[in-house]
Amino acid sequence: MQRLQRIAMQLIPRSTTTYFLGKFSRMRLSRKVIPWYVRKYQINVWELDRKVEDYPNLHSFFCRSLHSFARPLAKEGLVSPVDGLVTSTGLIDDQQQFEAKGQIYSLFNLLHDEDLAHRLTGGQFWVIYLSPRDYHRIHIPYSGLWVSHRHIPGHLYPVNSLGEKMTSLLFAKNERVVTEFRVNDQHFYVLVSIGAFGVGSVRLRHMPRMHPFRHRFLHHSESLFQGAVEELKGEEFGRFELGSTVILLTSPGFVVNNLQTVGQRVKMGSVLANVGIGNR
């Protein structure tokens, strides 16, 4: 069965299918799917900042915003940038590697940046999977300067548990955007926003809207933004438009202790770890 699933995954035109799913989700006709979507994924409608019937299409519902009280922001510590399930967490070893779901990832292969990989050695990481039921906006986990973006073209394999079983080193193969934030002269963190099958696009501030279908023939990473934009903890900085997984990596010495374990569900704004450099 797994062999057949693996073959099917390879044969499906993932970019093209994703493109048309995104097109359908923006059609007015797709709003008829929303009540089913709410029931299927047990969406908490009390968190929404408008009535279900007020969404013009499925895309707008999927990328929904919430009432301000729905995600209280912890005043102290490094907070989760998204809602989701912590599927892996731990230390980045001195070989510039980390383990996720029993697979060893090279930071260089994930980030396409040798210097950044070197500077993250000895730090910590969290892999957070966003299911279809989750709130899909991405927020700043700790105040700092947004200093760079890098777009890395790739595949669009599913990032759910089946996709991870069927595809080795999945996160280093899928399309992704790497964003670096500097906290002070010594400490920084990196957010990796990973695309997936069915992800219509990744939209982040300070960069063009990334649509996988338009970049499927690119084979090189591309620096999209370099500067210094101050961002405050809890601010929205992007969203998945049908989406995916976030990997958060911190520099060594930034995090004092990790408060999350594999299998825990987290909400945006809840504490992932305490930090030892003052709270921001």
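Remember, predicted model here, so these are calculated numbers, not experimental data.

This part is about the side chain of serine 131. Assignment of secondary structure puts serine 131 in the loop between strand E5 (124-129) and strand E6 (137-139). Under the relative-accessibility criterion, serine 131 is labelled buried at 13%. Apart from residues no more than four positions distant in its own chain, serine 131 is found in contact with His136 and Arg265.

Turning next to unusual backbone geometry. The phi dihedral of glutamine 42 falls on the positive side, at around 50 degrees, and the residue is not glycine. Tracing the backbone shows glutamine 42 in the loop between helix H3 (34-41) and helix H4 (58-62). Judged by relative accessible area, which is 60%, glutamine 42 ranks as exposed. In the Ramachandran plot, glutamine 96 falls in the positive-phi region, its phi being about 60 degrees despite a non-glycine side chain. On the secondary structure map, glutamine 96 appears in the loop between strand E2 (84-91) and strand E3 (97-100).

Here arginine 26 is to be found in the loop between helix H2 (14-25) and H3. For arginine 26, a relative accessible area of 31% translates into the label partly exposed.

Scanning the entire structure with this criterion turns up 6 salt bridges. For aspartate 83, the salt bridge identified is with arginine 71, shortest N-O distance 2.6 Å. Residue aspartate 83 is found in the loop between strand E1 (78-79) and E2, and its partner arginine 71 is found in the loop between H4 and E1; the two are separated by 12 residues along the sequence. For aspartate 83, a relative accessible area of 1% puts it in the buried group. With its nearest N and O atoms 3.2 Å apart, the salt bridge here joins glutamate 180 to arginine 119. Taken together, the residues span a long stretch of sequence, with glutamate 180 in strand E8 (residues 176-182) and arginine 119 in helix H6 (residues 114-120) at a distance of 61 residues. The exposure class assigned to arginine 119 is partly exposed, which follows from its relative accessible area of 30%. Salt bridges here are not isolated pairs; linked through shared partners, they connect Glu47, Arg71 and Asp83.

Turning next to the confidence of the model for the chain. For the chain, the average pLDDT comes to 81, and 76% of its residues sit at 70 or higher. Here helix H1 (residues 2-11) stands out as the element of the chain with the lowest mean pLDDT, 48, in contrast to E1, whose mean of 97 is the highest. Low pLDDT, under 50, characterises residues 4-9; the stretch is placed with 10 contacts to residues that sit more than four places away or in other chains. In the predicted structure, residues 211-220 sits below a pLDDT of 50 and forms 20 contacts with residues beyond four places in sequence or in another chain.

Thresholds, definitions, all that
Residues numbered from 1 in each chain as written. Predicted model: local features only at pLDDT ≥ 70, side-chain atom pairs only at ≥ 80, totals over all residues. Heavy atoms only, no water. Helix = DSSP H or I, 4+ residues; strand = E, 2+ residues; numbered from the N terminus. Buried < 20%, exposed > 50% of the residue type's maximum accessible area, 1.4 Å probe, protein only. Contact = heavy atoms within 4.5 Å. Salt bridge = Lys/Arg side-chain N within 4 Å of Asp/Glu carboxyl O. pLDDT = per-residue confidence, 0-100.

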